[in-house]
Amino acid sequence: MIQSQNGVQGIIIVNSEGIPIKTTLDNASTVQYAGLIHQLVMKARSTVRDIDPQNDLTFLRIRSKKNEIMIAPDKDYFLIVIQNPSD
Amino acid sequence: MIDSVIRELVTNARSHAFDEFQVNWEDQSHLVSCLHCLQHPSAQESGLHVTGVSWSCTGSVIACAYGRIDDGDWSTERSCVCTWNLDRRGLDPKQADLVLDVPTAVTALCCHPNQPALIAGGLFSGEVVVWDTSRTQDPVLVQTGMSADSHREPVYQVAWVPLQKKGEFGVLSACSGGRVLLWTVDSDLGRLVLNAAYALVQQQVPHSSTTSFKARGSSTVGVTALALSPWDPDTFLVGSEGGLLLRCSFSSQTPAAAPSEGHNATLRAPAVFLFRPRSGPVHSIHCSPFHRNLFVSAGTDGLAHLHSLLQADPLLSLRVSDSYVFQVQWSPTRPLVFAAATGQGEVQIFDLGRRSQRPAATMEQGGANQAATCLAFNHQNPQLLAVGNTKGSVCIWQLSHNLTEHSPRESGQLEQIANQVAE
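Keep in mind the model is a prediction, meaning the values are calculated, not measured. (Residues numbered from 1 in each chain as written. Chains lettered and ligands numbered in written order. Predicted model: local features only at pLDDT ≥ 70, side-chain atom pairs only at ≥ 80, totals over all residues. Heavy atoms only, no water.)

Undergrad: So, the UniProt feature "domain: Roadblock/LAMTOR2" (unreviewed entry) in chain A: which residues are in play, and what are the values?
TA: UniProt annotation of "domain: Roadblock/LAMTOR2" (unreviewed entry) refers to residues 1–83 of chain A when read in the numbering used here. For residues 1–83 of chain A, the helix share is 30%, the strand share is 35%, and the end-to-end C-alpha distance is 14 Å. (UniProt positions renumbered as here; feature names shortened; annotations may be inferred. Helix = DSSP H or I, 4+ residues; strand = E, 2+ residues; numbered from the N terminus.)

Pasting the structure below:
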């Protein structure tokens, strides 16, 4: 369902330890994205909670020249979607 | 949660919020300027031309090969390969960091894609050499020597090719005798070992219905240009002295209709598809790093032809120069940009995103009666472009911001160009 949306280039599901459990990309890219994004999400979450301990991260979007990475965190896993909105 | 993600994706696809939004992380340079003009005095005194430039994989070192581009006869003149490290303090443009002496003119040069110390070169005598610049003693790591396997004609192109085993590279060399040979490096024996051999002969050039081609003259197809496809490891492109442009396959098993000349490997005919022939030698071919079907070719007709691998006729032909074009190369960062080195001494940079067919930038190296013979973009530092000329000097140009920064809709435009069907 997500795959069929406009411009979606890849979807990765990562567990709470940062290990990819499902992916539509090749192995090497998946491992790279999973490792780097896990660290970034942890940092983003702690930034939000340090500013306000009652608050928490709900969604993270990284917009770059070539595409946008969207990360939806959850208790047991993260959902990472890479989209090129102009496609 | 999936629903909320889908909602965001849909909204994002329709959003115009970021349409003209651009971020400047660095100071933008609006000018194209010449940073260095590198010269090797003894090569200049001998009147040698720069025949090839190649950046090392780290992007700091530029290797320059000297020889002549106009020699038809056997030349016994010594020449050299010089390297300069541009990131080192105390760079002296008149003094190379390393000078490798070579017994004959160097006609092709290519730095290793992973190991910064290795450089492959092709010589006028037909030999292929790999130098290891980290060795203080004899820098020649391996060479073909004058064995039965080697080329007998000048080697106009060398390239590093990934081999079956991951991480290993072989050297592909092409000569004007119509042979394309694949070598593996055996550093223990100090030799290049022939792995596969391909021969191109006129009779085995594939005919297609849209191009009429009559075999004429000698039967060998002298190779003057070679390009590897970064997308398909089995495909390579070949350009010849007679103006032929061919798509070839490494895995072709057809035996070549050519005398074996003592090669240890069986000669195979690699040509699979013939593109529209040119009226003069094809000097340069380069596959687009951004689109699997696109490549650009140029030669003595002064035009740069943009081709799709899927059809014989070019998609687009741009007039680059009134004289020969010696090399074309796509920009490593902007999908629509390529640079061309011309016989009039200028380097023309074309931007296919512009409506006009005139170049986006023209770089002149000053002085008449000289030709720009070779150029190379620096992949690590995409603002740098090295250009070699017949006056024996190599200019390092810094390109302006608009020639190197990827703009938002470029990939889409490239896709559109690639999908046109030529009339």
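Undergrad: Describe the side chain of Ser-54 of chain B, listing the residues and the values that go with them.
TA: All names here are of chain B. Checked against the element boundaries, Ser-54 lands in strand S2 (residues 49–55). Of the residues examined, Ser-54 reaches a relative accessible area of 9% and is grouped as buried. A distance of 2.9 Å separates the side chain of Ser-54 from the backbone nitrogen of Cys-111, its partner in a polar contact. Leaving out residues up to four positions away in the same chain, Ser-54 has contacts with Val-61, Ile-62, Ala-63, Leu-109, Cys-110 and Cys-111. (Buried < 20%, exposed > 50% of the residue type's maximum accessible area, 1.4 Å probe, protein only. Polar contact = N/O pair within 3.5 Å; in protein donor to acceptor, adjacent residues only side chain to side chain. Contact = heavy atoms within 4.5 Å.)

Undergrad: Tell me about a nonpolar patch on the surface, and please be specific about residues and values.
TA: Together, Phe-18, Phe-21, Val-23 and Trp-25 of chain B line one region of the surface with nonpolar side chains, adding up to about 530 Å² of accessible area. Position of Phe-18 of chain B relative to the elements: it lies in the loop between helix H1 (2–14) and strand S1 (33–39). (Patch = residues over 30% accessible without salt bridge, like charges linked within 9 Å, V, L, I, M, F, W, Y side chains within 5 Å. Areas by Shrake-Rupley, 256 points an atom, 1.4 Å probe, with all protein chains shown as cover. Salt bridge = Lys/Arg side-chain N within 4 Å of Asp/Glu carboxyl O.)

Undergrad: Could you give an account of the nonpolar core, naming the residues involved and the relevant values?
TA: Residues and elements named next belong to chain B. Val-128, Val-130, Val-158, Trp-160, Val-171, Trp-183 and Leu-192 are the most contacted members of the largest nonpolar core, which has 26 residues in total. Every element with two or more residues in this core is listed here: strand S6 (106–111), strand S7 (118–123), strand S8 (128–132), strand S9 (140–143), strand S10 (155–162), strand S11 (169–175), strand S12 (179–186) and strand S13 (191–199). A per-element tally of this core places S13 first, with four residues. (Core = buried A, V, L, I, M, F, W, Y, C linked by side-chain atoms within 4.5 Å.)

Undergrad: Residue-level account of the layout of surface pockets, with values.
TA: Of the volumes computed, that of the second largest pocket is approximately 1,100 Å³. Taken together, 40 residues make up the lining of the second largest pocket; nearest its centre are Ser-64, Lys-65, Lys-66 and Asn-67 of chain A together with Pro-408 of chain B. Broken down by secondary-structure element, the contributors of at least two residues to the lining of the second largest pocket are H1 and helix H4 (410–418) of chain B. For the lining of the second largest pocket, the element with the most residues is H4 of chain B, which contributes four residues. A breakdown of the residues in the lining of the second largest pocket according to their chemical character gives ten nonpolar, 18 polar and twelve charged. (1 Å grid on protein atoms, 1.4 Å probe; cavity = no way out; pocket = protein on both sides within 12 Å on 5 of 7 lines; lining within 4 Å. Points joined across faces, edges and corners; volume = space filled by probe spheres on them. Nonpolar A, V, L, I, M, F, W, Y, C, P; charged D, E, K, R; others polar.)

Undergrad: Which residues make up the sheet that holds strand S4 (residues 68–73) of chain A, and what values go with them?
TA: The five strands lie next to each other as S2-S1-S5-S4-S3 (chain A), forming an open sheet whose pairing is antiparallel. Two strands lie at the open edges of the sheet, namely strand S2 (20–23) and strand S3 (60–63) of chain A, each paired on one side alone. Recorded for the sheet is a direction-independent mean angle of 15 degrees between the axes of neighbouring strands. The strands touched by helix H1 (residues 27–51) of chain A within the sheet are strand S1 (8–15), S2, S3, S4 and strand S5 (77–83) of chain A, with S5 of chain A carrying the most contacts at an inclination of about 115 degrees. Along the sheet face, H1 of chain B touches S1, S3, S4 and S5 of chain A and points at about 20 degrees away from the line of S5 of chain A. (Pairing = 2+ DSSP bridges. Axes fitted to C-alpha atoms, helices over the stretch in contact; angles between N-to-C directions.)

Undergrad: Quick rundown of the interface of chain B and chain A? Include the residues and the values.
TA: A common way to state how big an interface is: give the accessible area lost once the parts meet. If you look at the interface, chain B gives 13 residues, while chain A gives 21 residues. When chain B packs against chain A, close to 1,600 Å² is buried across both sides, 66% of that on carbon and sulfur atoms. When the area that chain B buries against chain A is broken down by residue, the three leading residues are Met-1, Leu-9 and Asn-12 of chain B, summing to 37%. The interface formed by chain B and chain A contains two salt bridges. Connecting chain B to chain A are six residue pairs in polar contact (both at pLDDT 80 or more). Here the residues of the side of chain B that touches chain A sort into eight nonpolar, two polar and three charged. (Buried area = accessible area lost by both parts, 1.4 Å probe.)

Undergrad: Account for H1 of chain A, with residues named and values stated.
TA: Between its first and last C-alpha, H1 of chain A extends 36 Å over 25 residues, near the 36 Å set by a 1.5 Å rise per residue. Turning to H1 of chain A, its buried residues are Thr-30, Ala-34, Ile-37, His-38, Val-41 and Ala-44 of chain A. (Expected span 1.5 Å × (residues − 1).)

Undergrad: Tell me about the environment of Gly-242 of chain B, and please be specific about residues and values.
TA: Within the secondary structure, Gly-242 of chain B sits in the loop between strand S15 (235–240) and strand S16 (245–249). Taking the C-alpha atoms as reference points, Gly-242 of chain B and Ala-258 of chain B, 16 residues apart in sequence, are found 18 Å from one another.

Undergrad: Describe the sheet that holds strand S21 (residues 303–308) of chain B, naming the residues involved and giving the relevant values.
TA: All names here are of chain B. Spatial ordering of the open sheet is given by S19-S20-S21-S22, a layout of four strands whose pairing is antiparallel. This sheet does not close on itself; its edge strands, each paired only once, are strand S19 (282–287) and strand S22 (316–319). Between one strand axis and the next, the sheet turns by 20 degrees as a mean value, whatever way the strands run. Looking at chain direction, S21 and S22 are connected through four bridges and run antiparallel. Paired with Leu-303 across the bridge in S22 is Arg-319.

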